[in-house]
Amino acid sequence: MKYRFSLPFIYIFGVFVLLLCLTSCHTSRKHHSRPGHPHMEEIHVGNVNKCQRQIIEEAVTWLGTPYKYAAAEKGEATDCSGMVMKVYEQAAGLKLPRNSAKQAEFCEEMNASDVDTGDLVFFATGKDPNKVSHVGIVLDNENFIHASASKGVVVSKFSNNYYQRTFIKFGRVPNVR
């Protein structure tokens, strides 16, 4: 017995199969395993205290949150200082200023050799090369987590030329240690 299918039937059947494949093949994306970003297993946090661990654990839950200026909602949208402010509030119960320049003033400046997990890193990514306009949280001696204007919350490397060029300072939030 031969089957003859009309063109509209084949078209509808093809769309149905395609939709079935797309919905059944959906996998949940793990934010920390996105291409171009270090896996969390590659981040060597080392020996940290409870407060540092809570800060990093909270920060990692923000991975993949889209960027939006003046926002600070995990999973919805955030900017760099909003994420840092909320992470410290949730993990350490500390209230930080809302913008990165004020956060830089609030922190105790430190030498690179003294930087530890959970400390903040500040950059001048705006028009003024001397004014802090971006902030991230130090994960280890190679990586930091931040809200990138183009990629949302991601893990980046200090060795990246852009971040080396725009680096301003490291800072420690008072009363964290």
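First things first, this report covers the structure right here in the doc. Residue numbers here run from 1 along each chain, matching the order of that chain's written sequence. This being a predicted model, a pLDDT of at least 70 is required before a residue's local features are given, and a value of 80 or more before pairs of side-chain atoms are given or counted; all residues contribute to the totals for chains, interfaces and linings. Calculated side-chain values reflect all of the structure's heavy atoms, with hydrogen atoms and water omitted.

Moving on, we get to the sheet that holds strand 6 (residues 143–148). What holds strands together in a sheet is hydrogen bonding between their backbones, with the strands either parallel or antiparallel. Pairing between two strands is assigned when DSSP locates at least 2 bridges connecting them. Helix and strand definitions here come from DSSP, where helices need a minimum of 4 consecutive H or I residues and strands a minimum of 2 consecutive E residues; each element is numbered from the N-terminal end. Strand order in this open sheet of 6 strands is 3-8-4-5-6-7, and the pairing throughout is antiparallel. Every interior strand has two partners, whereas the edge strands, strand 3 (108–110) and strand 7 (152–157), have only one. Taken over all neighbouring pairs, the strand axes of this sheet differ in orientation by 35° on average, direction set aside. In this sheet, strand 5 (residues 134–138) lies alongside strand 4 (residues 120–123) in antiparallel orientation, the contact comprising 4 bridges. Across the sheet, L120 pairs through a bridge with I137, a residue of strand 5. On top of the sheet, helix 2 (residues 50–60) reaches strand 5 and strand 6; it is set at about 120° to strand 5, its chief contact. We call two residues contacting when some pair of their heavy atoms lies within 4.5 Å. Angles shown run from 0 to 180 degrees and are taken between the N-to-C directions of axes, each axis being a line fitted to C-alpha atoms and, for helices, limited to the stretch in contact. Taken strand by strand, helix 3 (residues 80–92) contacts strand 4, strand 5, strand 6 and strand 7, and its axis lies near 40° from that of strand 5.

Below, the discussion takes up the pairing of strand 8 (residues 167–172). Bridge count between strand 3 and strand 8: 3 bridges; the pairing is antiparallel. What sits directly across from E108, in strand 8, is R172. The pairing of strand 4 with strand 8 spans 4 bridges and is antiparallel. From the neighbouring strand, F123 faces strand 8, where its bridge partner is F167.

What follows is about the side chain of S81. Position of S81 among the secondary structure elements: in helix 3. To sort residues, take the accessible area from a 1.4 Å probe on protein chains only and compare it with the maximum for the residue type: under 20% means buried, over 50% means exposed, and anything in between is partly exposed. When its relative accessible area of 6% is taken as the criterion, S81 is described as buried. Setting aside anything within four residues of it in sequence, one finds S81 in contact with R98, N99, S100, Q103 and V135.

In this text, buried Ala, Val, Leu, Ile, Met, Phe, Trp, Tyr and Cys residues form a nonpolar core when linked through side-chain atoms within 4.5 Å. By size, the foremost hydrophobic cluster in this structure holds 28 residues, and its most contacted members are I55, Y88, L120, I137 and I145. Those elements giving two or more residues to this core turn out to be helix 2, helix 3, strand 4, strand 5, strand 6 and strand 7. When residues of this core are assigned to their parent elements, the largest contribution, 6 residues, is made by helix 3. Setting aside residues up to four positions removed in sequence, L120 forms contacts with V84, Y88, L96, C107, V135, G136, I137, V138, K169, F170, G171 and V173. In terms of nonpolar packing, the next biggest core, distinct from the first, is built from 8 residues, V138, F158, Y163 and F170 among them.

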